Each structure stands twice: as C-alpha cells, then as structure tokens.
Amino acid sequence: MPPRELISPAAIARRVAELGAEIDRRLPAGPLTVVGVLRGAFMFMADLVRAIPRDLTCDFLGVRSYGDATVSSGVVEITSDLGAPVAGRHVLLVEDIADTGLTLHYLLDLLRARGPASLHTCVLLAKPSYRDRHSGTPLDFVGFDAPDAYVVGYGLDAAQLYRNLPGINILEP
Ligand code: IMP
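Here is what the cut-offs are and how they apply
- Residues numbered from 1 in each chain as written.
- Predicted model: local features only at pLDDT ≥ 70, side-chain atom pairs only at ≥ 80, totals over all residues.
- Heavy atoms only, no water.
- Helix = DSSP H or I, 4+ residues; strand = E, 2+ residues; numbered from the N terminus.
- Buried < 20%, exposed > 50% of the residue type's maximum accessible area, 1.4 Å probe, protein only.
- Contact = heavy atoms within 4.5 Å.
- Core = buried A, V, L, I, M, F, W, Y, C linked by side-chain atoms within 4.5 Å.
- Near = heavy atom within 4 Å.
- Polar contact = N/O pair within 3.5 Å; in protein donor to acceptor, adjacent residues only side chain to side chain.
- Areas by Shrake-Rupley, 256 points an atom, 1.4 Å probe, with all protein chains shown as cover.
- Pairing = 2+ DSSP bridges.
- Axes fitted to C-alpha atoms, helices over the stretch in contact; angles between N-to-C directions.

> Go over the environment of Leu124, please, and point to the residues and values.
Turning to its location among the elements, Leu124 is positioned in strand 6 (residues 118-126). Of the residues examined, Leu124 reaches a relative accessible area of 1% and is grouped as buried. With 68 residues separating them along the chain, Leu124 and Leu56 place their C-alpha atoms 19 Å apart. Filtering out sequence-adjacent residues up to four positions away, Leu124 remains in contact with Phe44, Glu95, Asp96, Val142, Gly143, Phe144, Tyr154, Leu156 and Ile168.

> I'd like a rundown of the nonpolar core, residues and numbers included.
Grouped together as the largest cluster of nonpolar side chains are 29 residues, with contacts concentrated most on Phe44, Leu48, Leu92, Val94, Cys122 and Leu125. Elements with a contribution of two residues or more to this core: helix 1 (9-26), strand 2 (32-38), helix 2 (42-50), strand 5 (90-98), strand 6, strand 7 (141-145) and strand 9 (168-170). Per-element accounting of this core gives the leading share, five residues, to helix 1. Dropping the residues within four chain positions of it, Phe44 is found in contact with Val16, Leu19, Val94, Glu95, Cys122, Val123, Leu124 and Tyr154. By size, the runner-up hydrophobic cluster in this structure holds 18 residues, among which are Val86, Val91, Leu110 and Val123.

> Go over the site of the ligand, please, and point to the residues and values.
Among the 17 residues in the neighbourhood of the ligand, the closest are listed as Asp96, Thr100, Gly101, Thr103 and Val151. Note that an oxygen atom of the ligand is positioned 2.7 Å from one of the side-chain N or O atoms of Asp96. Contact distances for the ligand include 3.3 Å between a nitrogen atom and a side-chain N or O atom of Tyr150. Here the ligand loses 94% of its free accessible area of 490 Å² to cover by the protein chains. A per-element tally of the shell around the ligand places strand 5 first, with four residues.

> An account of the environment of Ile97 is requested, with residue identities and associated values reported.
Here Ile97 is to be found in strand 5. Note: C-alpha distance between Ile97 and Leu125 (28 residues apart in sequence) is 4.6 Å.

> Tell me about the sheet that holds strand 5, and please be specific about residues and values.
Strand order in the open sheet formed by six strands is 4-3-2-5-6-7, and the pairing between neighbours is mixed. Strands at the two margins of the open sheet, each flanked by one partner only, are strand 4 (77-80) and strand 7. Averaged over all pairs of adjacent strands, the angle between strand axes in this sheet comes to 25°, irrespective of strand direction. Relative to the sheet, helix 1 contacts strand 5, strand 6 and strand 7, its axis offset from that of strand 7 by approximately 160°.

This is the structure in structure tokens:
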C-alpha cells in the first residue's frame, strides 16, 4: 500500500522557517556547527541551515540503529565520525526523529565528551514514546509531534526506500 501523507511539503517548509528563526534567536552568539545525523536528517538539515541567518559550518555523523527493520535494534553504531573537532563551538545536533531516544542520548554523550561551548538538539519529529519516557531531557527544538506509527519521506526511510517523498507519510502495515 502506498504511504499516506501526514505532513505536507508546504507545512514542513513553514515549520522549518520558524525553527530556523527560533534557533538563531535562542542559541548563543559565536561559532556554530550544525551536526546532521545521517542518513535520515539530510533533507531536513539542508532546509534548516538555509533558514538559520548566521555564519555556521555543517558536519555529519553517520549512525545506524535500525538496520532495515522498522523496530529499533537497541544498538547504536557510528558508521562515520565528524570531519572537524567541536571543542569550543556551539553545536546544534539535528536528528530526523526521536523514537526511543536511544540514538539521541548516545550522540549527546559522545558530543558532550568533546567539549563544545554549548550543545542543543533539533529534531524534525518526536514520537509519543520519546515524549513519555524522556520528559525533562533536552529536545530543544521540535518540528512536529509524530504519531505512534512508522513514518517515511522527507529523508526518512523504510529499508532505504521513500526518502525522496517530499512530505512526511505514514507507512501502512
Ligand atoms: P531511536 O534511537 O529509537 O530514537 O530512533 C531514532 C532513529 O530511528 C531515527 O534517527 C530514525 O533513523 C529511526 N526511526 C525511528 N522511527 C522512525 C520512523 O517512524 N521512520 C523512519 N525512521 C525512524
């Protein structure tokens, strides 16, 4: 069955513009590195950095947590590391979706250990599982609350497919 649209490309564009302005307002002045989590965040990050009106650099962390399954494996594996040190820089970690929160927490620990001047998180989508289990832990900027369903499109995949859908869609079982 083809995926069913949940959030339209126009709604994403409006929210990304708001997020970019909010990030610029709230992050301290100074050197900013935006770190995208590959591969799911590549499209969101490309749009988001264009909405942040200040000098910044882009870097990426390659991560695998699901393999080709639609249920978390519970294991986070780094497949490629940052290209440059983040010590002394303001870091914004950009993730596609927070589900169990395992990936985000693993990456926050990893980045914190490298001595950034500040560390903030921006996720496009937060599932109810994350919101229930992690109240009080930092999700500084959230695009949308997601339902408890598997979503694809706008960079998010199911077994590497559907990343090219322009909106966010629910994958029907
Ligand atoms: P977590 O570690 O359980 O929070 O899972 C985070 C990662 O799992 C995300 O970065 C995504 O790559 C992937 N993921 C979780 N839920 C979905 C979904 O609904 N669609 C696509 N990928 C997902």
